[in-house]
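Here are the chains, one letter per residue:
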Amino acid sequence: MKLINLKVNYFGPFESEEINFQSLNNKLFLISGRTGSGKTMIFDAIVYALYGSASTTGRDEESLRSQFAPDNQQAEVKLVFEVRGQQYTVERTLKYHKPGNKSATPPKAVLYSGDGDIIASKLNEVRDAVVDIVKLNRDQFRKILILPQGEFKELLVSSSTDKQDILRTLFQTGRFLNFELNLKEKLKEQSKEAEKLDLRINEQIKHIHTEDIDITEQHDFPNYKMILEYNDGINFSYQKKLEELAEEGKRLKTELDEKQKILVEKTQHNEKIDKINALTDEHTQLNQQAASIDSWRDEISQFDKVSAIKYELLRHKELDESIMELTDSLGKEKTRQEELNDNLKIKTDELSELEKKLPDINQRHKKYFKMEGFLSSNYETLNQDITDSKQKLKEKEDEISLLEINIKNMRAEFESLTATHAVALALQQEVGDINGKYNRLTEDIKSAKQYQQLINERLEINHSIDKNNDAVNAQKDKLSLFNSNLAGYDEDTIQTINHLINHLEPGTACPVCEQTVLTFPESAGLSDEDRMELTAINDEISRLETANQKYVMRIDVIDEVLKDKEYQDQDMLHIELKSVEEEKNEIEAALKETNEDIQKKDQLNKDISSKNEAMHGLTLNLQELKNNDAQLSDKRVEFNEATGFENFPDFKQFMVQEKESIDEFQSNLNQLKETVNELTKQKEVTDAAVKSLTAEFDKTDAGMKKFKKSIDAFMSEHQFTDLSVLHSIINDETITDKKDKVKTFDESNRTLKNQLDELSKNLETKEKVNTEKDDKNVKKAEETLDKAREYYAAVNERKNRNLQSRDYLSGLIDTFNASYDEFSQLNELVDAVQGKKGQKVSLERYVLTYYLERILELANVRLTAMTNHRYKLQRSQKKVNRYSGLDIEVFDYYNNQARNINSLSGGETFQASLVLALALNETLQQESGGITLDTMLIDEGFGTLDHETLEVAISTLIDLQTTGKTIGIISHVEELKERMEHILYVNPDNERSTTKIVTL
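Residues numbered from 1 in each chain as written. Predicted model: local features only at pLDDT ≥ 70, side-chain atom pairs only at ≥ 80, totals over all residues. Heavy atoms only, no water.

- You'll find the protein entered in an unreviewed UniProt entry as Nuclease SbcCD subunit C, with Jeotgalicoccus aerolatus given as the organism.
- Listed under Subunit (unreviewed entry) in UniProt, the entry text for the protein is "Heterodimer of SbcC and SbcD."
- On record in UniProt, under Sequence similarities (unreviewed entry), the comment for the protein is "Belongs to the SMC family. SbcC subfamily." (UniProt positions renumbered as here; feature names shortened; annotations may be inferred.)

Structural data, given as structure tokens:
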């Protein structure tokens, strides 16, 4: 992965900053700046752009927003990066609380391809897409690309337990520990499952039924096989019991069938008698409808006769109605035919008269088109345009005259000003000289004032010293008087006693005899009041002498300051300063006046040039106005000659009237032509309609006469005298219903007769028999059979439950046996994973040891080269406890023995930490799918290294950079600035910072 460009707005200390990493690709560069300038914030911006959170632990999203960001501006970060030759751009805005809003403005994110297409536009989608592209999540990215200060030194010197936590996080070996815990949890679950199976087996035994057979109930069994054998015996006895009950049921069913058969025969006989009586009554009621049925039979017969000429009757009626309609339509069409003939003749005559005027109208039309071009707005305002043009000519000529006078006056004023730049320069030099003189006098006055203050201070100090000396002498006189009161002691002894008394207290050790002082000796002649007075005198003497020492030291300082200074009279200096100040003001006033004249001359020169340019422009405009005036005059002559009119309004009115006249004629002509055409078409349609209707009338009349002949013959044959009677018969809508009712009557009568004949067969008697006794016998037999069936069903249900119990127990026992086998295998696996077998090493510790060995192997390649083959890192083989095995020690080839890692010097420790960090980086990179990372950023303390070690460290990084990596280092070491060719400066200014890339 390569960084291409980073742009941030209101992110940390950066208000609006852009860093182009392309100039730093495949190079070793330094990120330099004061503490707190925002160097690490660059790393935060990169990680936040990719993953939506900072690289620094403990920095939440809102803390990344600049403190000085306006309320209406969001913090933004934009990163362009390259992976496997493809460029991507990710943009993010940070979440922040806007004043006045209850909820925070949410963050946003968008990921673009190199072509500008949106790959993802939601937070989670962008994060997942970045992980898919880079092949690293945020934690892996921080540990591989960014090496924070001190983190990998901790790995070097940490204990085995701490190292386990670090390596577990980096290589995610927690999954092996989770695997172990999951196995243990599964083992517990397997044990609990076996216990549950045993309880379920014992509980199921209690549900085996034995109440219907002669077998004693049993609950305790030596093994699970005996349970199944016990269940099989019970099931066999139940089967025998069911066979016995089935035979008894068959006997009871035969007795019931015989009794039911007798009852059914008697019941069927009684039902036949009831059926015969009911059918006889129904037949009698049906015969009461015979008279009405016979009347309907006659009407049906008449309808069938007339139906023979039903078509002729209906067709004759339709044709009669058609003749009436045709007669009416034919009369209307003939009337319309006459009206159209009259209108057509009138309009044809009008059209002929109008066409005679057409040649004259065409001539007028041509003339109109020829003069139509003069109707434009240009000719309408022509007279006014000529008047305006002449007015503009006069105004422009007046403006030119005024401008010429103005230019003449400005030139006269310019020539009257005599100031020059040379004069101004000379005055400026004089101002500089006088200012220097003025400043020197001001400094001399200030120095003279300080000199006098020091002299005054020295006098005051001498006075204070004399005063303190007088006070010391007075205190010494008091001390002599006090000592003289101590009889029997010489002066030296008295002083010794006084010194001891001033420095001893009861309960403390004597500095001479080292014995604890309980009380002061009475023979000293000192009371508590004396001792306090003596102490006060000595303290006052000490205070005064200390003060005098400070005064003497201050006098020495003052004398040192004054020894190179000369005394200057302040009054004389002030008089000279006032004179210089007046001279300074005069020169500055002259310079100001000269500069103002020069500025005025420069401005006049510019104004004259500007006026000359304006004069040239006005002259050109005047010529354009003259040309335009000539063109307008020519245009008016052309209008008069072409139209014959002197003014435009008369011409326009003529043209409007002429166009209206021509348009009116053309409209009337077109309208008449359309009317004649329309009347001609209507006449043709009407003529065709009259002809068609006449033919249709003749055809319909012939058909009606034909059907009338057939109808008259039928009426004569069947003695019908009125045509309307035939129509009433044929149009009777109730005839179908009457036919259905007659048919239903005949069928019902026939059916009733057949049923009565059939029921009367095989009857021994026509009287009903008594079945009460038979009913009781059947019910009793049914009850006996039902009880037998219920008992059989209950016994069969208990047998089936026993069979189900047998299958269920068999399944539980098989499951228990399989579970026990799995439990045994799982227990073996748990012991192995926990390290209770073999080398007594757990699975996770084995994996961590493997990773550590790989890291140390890669680290030693660089460490041996950096230390001239003196050191290599190795895993300690000492086993203090079961958590040992991940400690690192250093092997010293010079002494041919292993040493504690903490015995290395500061520089050696940094070397070991650096190579270990790089090795860890490479190992993590290999474990992340062979990802090629082209960039590495190191935030490490190089300030602890001496010059030689620093050179070795930089050489190591340069060697790494030559493999194609871009390596950035954060450091405050000044020597690195001299050593590095490429530096990214982070420059703070108050609370803001800016960046600058410098290549030496």
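### Some remarks on the packing of aromatic side chains
So, step 1. Counting across every chain of the model gives 8 aromatic pairs.
So, step 2. Between Phe 11 and Tyr 48, the aromatic rings sit 6.2 Å apart at their centres with planes inclined by 55°, giving tilted as the arrangement. Placement of Phe 11 in strand β1 (residues 2–11) and of Tyr 48 in helix α1 (residues 39–51) is noted, with a sequence separation of 37 residues between them.
So, step 3. Judged by relative accessible area, which is 2%, Tyr 48 ranks as buried.
So, step 4. An angle of 75° between the planes, with centres 5.1 Å apart, marks the rings of Phe 891 and Tyr 893 as edge-to-face.
So, step 5. Relative accessible area serves as the criterion here: at 40%, Tyr 893 is assigned to the partly exposed category.
So, step 6. Through pairs of rings, three or more aromatic residues link up here, namely Phe 645, Phe 648, Phe 651 and Phe 654.
So, step 7. The ring of Tyr 438 has Lys 584 lying over it, and the distance from NZ or CZ to the ring centre is 5.5 Å.
So, step 8. Across from the ring centre of Phe 68, 4.0 Å away, lies the NZ or CZ of Arg 992, which sits over that ring. (Phe/Tyr/Trp six-rings, centres within 6.5 Å; stacked < 30°, edge-to-face > 60°. Helix = DSSP H or I, 4+ residues; strand = E, 2+ residues; numbered from the N terminus. Buried < 20%, exposed > 50% of the residue type's maximum accessible area, 1.4 Å probe, protein only. Lys NZ or Arg CZ within 6 Å of the ring centre and 35° of its normal.)

### Considerations on the sheet that holds strand β10 (residues 888–892)
So, step 1. Taken in spatial order, the 3 strands of this open sheet run β9-β10-β11, and their pairing is antiparallel. Edge positions in the sheet fall to β9 (871–875) and β11 (897–900), since each of these pairs with one other strand and no more. Taking each pair of neighbouring strands and ignoring which way they run, the sheet shows an average axis angle of 40°.
So, step 2. Bridge analysis of β10 against β11 gives 4 bridges, and the strand direction is antiparallel. (Pairing = 2+ DSSP bridges. Axes fitted to C-alpha atoms, helices over the stretch in contact; angles between N-to-C directions.)

### Some words on helix α21 (residues 843–866)
So, step 1. Taking 1.5 Å per residue, 24 residues should reach 34 Å; α21 reaches 35 Å between its end C-alpha atoms and fits that length.
So, step 2. At Asn 860, α21 shows its maximal bend, which comes to roughly 35°.
So, step 3. Asn 868 sits one or two positions beyond α21 and adopts a positive phi of about 55°. (Expected span 1.5 Å × (residues − 1). Bend = angle between axes of the 7 residues up to and from the residue.)

### Points about the nonpolar core
So, step 1. Ranked by size, the top nonpolar core spans 48 residues in total, and within it Leu 6, Ile 42, Ile 46, Leu 50 and Phe 81 carry the most contacts.
So, step 2. Ranked by the residues each element gives to this core, the list is headed by α1, at 10 residues.
So, step 3. With residues up to four places along the chain from it excluded, the contact list for Ile 42 reads Leu 6, Phe 14, Ile 19, Phe 21, Ile 31, Leu 984 and Val 986.
So, step 4. One finds Ala 859, Tyr 871, Leu 886 and Leu 916 within the second-largest nonpolar core, a separate group that totals 26 residues. (Core = buried A, V, L, I, M, F, W, Y, C linked by side-chain atoms within 4.5 Å. Contact = heavy atoms within 4.5 Å.)

### A few points about the pattern of salt bridges
So, step 1. Inspection of the entire model under this criterion finds 36 salt bridges.
So, step 2. Across the salt bridge formed by Asp 629 and Lys 390, the nearest N and O atoms sit 3.3 Å from each other. Separated by 239 residues along the polypeptide, Asp 629 in helix α16 (residues 570–643) and Lys 390 in helix α12 (residues 382–416) bring together distant segments of the chain.
So, step 3. Judged by its relative accessible area of 11%, Asp 629 is buried.
So, step 4. What you see here is one network of salt bridges that share partners, running through Glu 15, Glu 991 and Arg 992. (Salt bridge = Lys/Arg side-chain N within 4 Å of Asp/Glu carboxyl O.)

### Description of the UniProt feature "coiled-coil region" (unreviewed entry) in the protein
So, step 1. Under the feature "coiled-coil region" (unreviewed entry), the UniProt entry names residues 177–207, 235–289, 337–420, 570–696 and 742–798.
So, step 2. Here residues 570–696 runs as 97% helix and 0% strand, with 150 Å between its end C-alpha atoms.
So, step 3. Annotation note: span residues 742–798, helix share 81%, strand share 0%, distance between end C-alpha atoms 68 Å.

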